[in-house]
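Working through the structure, step by step
Okay, here's what each chain looks like letter by letter:
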Amino acid sequence: MNPIDLVVTVCAVLAPATCEEQHLVFNYAGSPTQCAMAAPPYIAQWVGEHPKWQAVRWRCEYPHPNDKA
């Protein structure tokens with residue numbers, strides 16, 4: 001399996017206009033489209049661990065080698 005970035009846009013439950021992107025490393029062997037379709041259980045787990053946030057959208061993309069962690 002290859003790492004792929006699961007990019008989740010989350011907004012604060014108490015302030016819905018406060019949003020940010022979370023980059024989660026997701027090991028998935030399919031395409032970014034297939035990854036996005038398989039992601040909801042992982043997103044639900046993240047939201048369960050971060051109850052002050054709600055996921056509003058997500059996408060998968062291949063990691064950019066020049067990005068800093």
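Up top is the structure these notes are about.
Residues numbered from 1 in each chain as written. Predicted model: local features only at pLDDT ≥ 70, side-chain atom pairs only at ≥ 80, totals over all residues. Heavy atoms only, no water.

One key point about sheets: their strands pair by backbone hydrogen bonds, in either a parallel or an antiparallel sense. With respect to topology, three strands assemble into an open sheet ordered 2-1-3, the strand pairing being antiparallel. Here the strands that pair on one side only, and so sit at the sheet edges, are strand 2 (19-28) and strand 3 (53-61). Strand-to-strand twist across the sheet, computed as the mean angle between neighbouring axes with direction ignored, equals 25 degrees. (Pairing = 2+ DSSP bridges. Helix = DSSP H or I, 4+ residues; strand = E, 2+ residues; numbered from the N terminus. Axes fitted to C-alpha atoms, helices over the stretch in contact; angles between N-to-C directions.)

Working note: regular strand, side chains alternate between the two faces of the sheet. Most of strand 1 (residues 2-12) sits inside the fold, with nine of its 11 residues counted as buried. The antiparallel hairpin formed by strand 1 and strand 2 contains six residues in its connecting segment. Judged from the eight bridges that link them, strand 1 and strand 3 form a sheet pairing that is antiparallel. Across the sheet, the residue bridging to Ala-12 is Trp-53, located in strand 3. (Buried < 20%, exposed > 50% of the residue type's maximum accessible area, 1.4 Å probe, protein only.)

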